[in-house]
Every structure is written in structure tokens, then in C-alpha cells.
Amino acid sequence: MPRVGLIVNDGKELAVKTAKTFQKKLEDSGFDVVRVSSAGGLLGFTNPDQYMSSQGYNSCIPDGFDSSILFAVVLGGDGTVLSAARQTAPLGIPILTVNTGHLGFLAEAYLSDINKIFKHLVVRQWTIEERTSLVVSVMRGDQCRWEALCLNEMALHREPMTSMCHFEISVGRHAPVDISADGVILSTPTGSTAYSLSAGGPVITPDCPVLQLTPVSPHSLASRALVFSNEEPVTVFPATPERLMMVVDGSAGCYVWPEDRVLIRKSDHPVKFIRLSDHEFFQVLRNKLGWGLPHVAKPDKT
């Protein structure tokens, strides 16, 4: 009997209710279902006074999940998808995202598509789209003090975010750069439509093998978003005497002290999304963010 995962946002009533329907349909279709909570992918935020000890990003893999899982259905919003990515990517498990939240930018399907979903799953008719993920590590000397897998972005700023910080940033083999800003964002193409977009960064199509560095409210007209190869590791040295706050994917993070450095590198484990139909990225931008819509109503051609 093929084994599949069911990752549910247990804090949302609609997701829990829908999970019962999905589990029964999957089991009736001959699948052995392993149900887990998406909370297992939430790392939370460390206390500023506690000693951090990295358990590595594999610590997010749920009990009962292994490489024999054929795929996992994710029920929740975009935050749930980000958590599920940490739970599945290290094992290479593809995820089918079903939106039970609000925007659903990362969703492949909606509750109204249930019959179509099962038609494709039963005959295993789908394609896989791989999205770049990052490994974000806080280093002190040779010691890794905190680590997480990241699908969207890493943001580093002062807490509260009320004054300018200084950063020395090294991108691969290139000469280090100095940036004065309220913060910096390092994002994947998937994350280019999240926090980075709000900070003025460009939208990048998911198939581009690049990363993006975006200053937040920079103190220079010359400081703008930078796009570079995702094969280049990035090291951020906080050149500020006060502690900084690092946030990963909006739901996990830790404090970074002046003696620390943040190392970001492309992960060996891309996040695998199941696509039931052709995924037209520009259409997603149009539907979700209103991109490319005409500002003036066009006259009827007739």
C-alpha cells in the first residue's frame, strides 16, 4: 500500500475539517495516510538570553515520514506551506498544496478542486516543479549556533526596527560590500514576491537560478536590490554594536550578536511542488497581486 503524508494546520478549523475528508478519500483510494501537524515545521524564536544550540534542519522531519512517502498533501495557507517545506524537503517528498487560508499565493489547488485533485492523485498524473531553498546558519567562529531551511527569505534587522544598521556583506568570491539600512533581505525567487517585493525588490520567475539581496530603507541612493547566482554563498557580518534580530520565512528566528555572522547558501534539498496543470507564473501574479492589469478599461473591439 503506497504511503502518503497529510500535513495540516491544526490551528485552523477549516483545515482540520477538510483533513478528515482528504484522509478518508486517500484511504478509500488505497493509500496509507500518515497525518502530522504543520506546527512541526515552526521553529519559533529564541530567547535573547538563552544559549543557542543548533539541531540542524533535519530536526523538522515529522515522526513517521521517510523517503517511502510518495507525496504529501498540505492543507493551510502560505505560512503552512513554508512550514511543510521544512518538513518534507530534506527527504525529497513532493507536496501538493491546497489552500484553506487567505491569499494562497503558493497554493496549487483550492477546496473547490477536490474531485480534480483525487482524479490526478489516483492515477499519479502530475509534474514536479522544484523551487530553490536556502540553508541559513548563525555562526560564531566554527560553531553553528542556529540553523534553518528557508524557502522564501532571511531578513536581518534591529529590534525594534527604528534605526539604521550597518552590514558588511560578502557574496561568493566578490569583494565585500558595506550597506547602511534598516535591514537586509536575502531571498530566493519564490521569496521575491514576499517581503522583498514590499521592500522594493524585483519579481523573479521561479525558474531563475539566482538569489536576491534587498536593502530595507537604505541610507544611500546607490543601495538597490542585487541579483546574483544562487551558487554564490553569502555571509553577512553585522557591523553594529547592538544585537540584531534575524527572521526566516516570517515564522522563525534568533538574535544575532556582533561576534556572530550569518551564512546563507543554496540547499541541496529543493522544495518539490506537485503541479496538476501548467503553472503559469504570470497568471498567478495577475490573479493574486493584480500585476499586468490594465489601468484604463479598454474599449470594446466591436
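Residues numbered from 1 in each chain as written. Predicted model: local features only at pLDDT ≥ 70, side-chain atom pairs only at ≥ 80, totals over all residues. Heavy atoms only, no water.

1. Focus on helix α3 (residues 114-122)
Here α3 has its buried residues at Ile114, Ile117, Phe118, His120 and Leu121. Buried residues of α3 fall within an arc of 165° about the axis and therefore sit on the same side. Exposed side of α3, more than 90 degrees from the buried face: Asn115 and Lys119 are the residues found there. The secondary structure elements touched by the buried residues of α3 are α1 (13-28), β4 (69-76), β5 (95-99) and β6 (109-110). After α3 finishes, the residue Arg124 shows a positive phi value of roughly 55°. (Buried < 20%, exposed > 50% of the residue type's maximum accessible area, 1.4 Å probe, protein only. Helix = DSSP H or I, 4+ residues; strand = E, 2+ residues; numbered from the N terminus. Arc of directions from axis to C-beta. Contact = heavy atoms within 4.5 Å.)

2. A few points about the packing of aromatic side chains
Each pair of aromatic rings is reported with the distance of its centres and the angle of its planes. In this structure the tally under the stated criterion is four aromatic pairs. With 5.7 Å between their ring centres and 75° between their planes, Phe31 and Phe71 make a pair best called edge-to-face. Of this pair, Phe31 sits in the loop between α1 and β2 (32-37) while Phe71 sits in strand β4, and the two are 40 residues apart along the sequence. What makes Phe71 buried here is its relative accessible area of 0%. Ring centres of Phe282 and Trp291 lie 5.0 Å apart, and the angle between their planes is 55°; this geometry places the pair in the tilted category. Among the residues examined, Phe282 registers a relative accessible area of 43% and is labelled partly exposed. Feature note: the residues Phe31, Phe71 and Trp126 constitute an aromatic cluster, connected by ring pairs. (Phe/Tyr/Trp six-rings, centres within 6.5 Å; stacked < 30°, edge-to-face > 60°.)

3. Here we look at the pairing of strand β12 (residues 177-181)
As paired elements, strand β11 (residues 165-171) and β12 share five bridges and run antiparallel to each other. Counted as the bridge partner of Glu168 is Asp178 from β12. Hairpin connection, β11 to β12: the antiparallel pair is bridged by five residues, and Gly172 has positive phi, about 55°. (Pairing = 2+ DSSP bridges.)

4. With respect to the nonpolar core
In terms of nonpolar packing, the biggest core is built from 29 residues, with Met154, Leu156, Ile169, Leu186, Met246, Val262 and Ile264 touching the most fellow members. Ranked by the residues each element gives to this core, the list is headed by β11, at four residues. Residues in contact with Ile264, not counting those within four places in the same chain, are Leu134, Val135, Val136, Met154, Leu186, Pro233, Val234 and Val236. (Core = buried A, V, L, I, M, F, W, Y, C linked by side-chain atoms within 4.5 Å.)

Without other data, these values stay purely geometric and don't point to any function.
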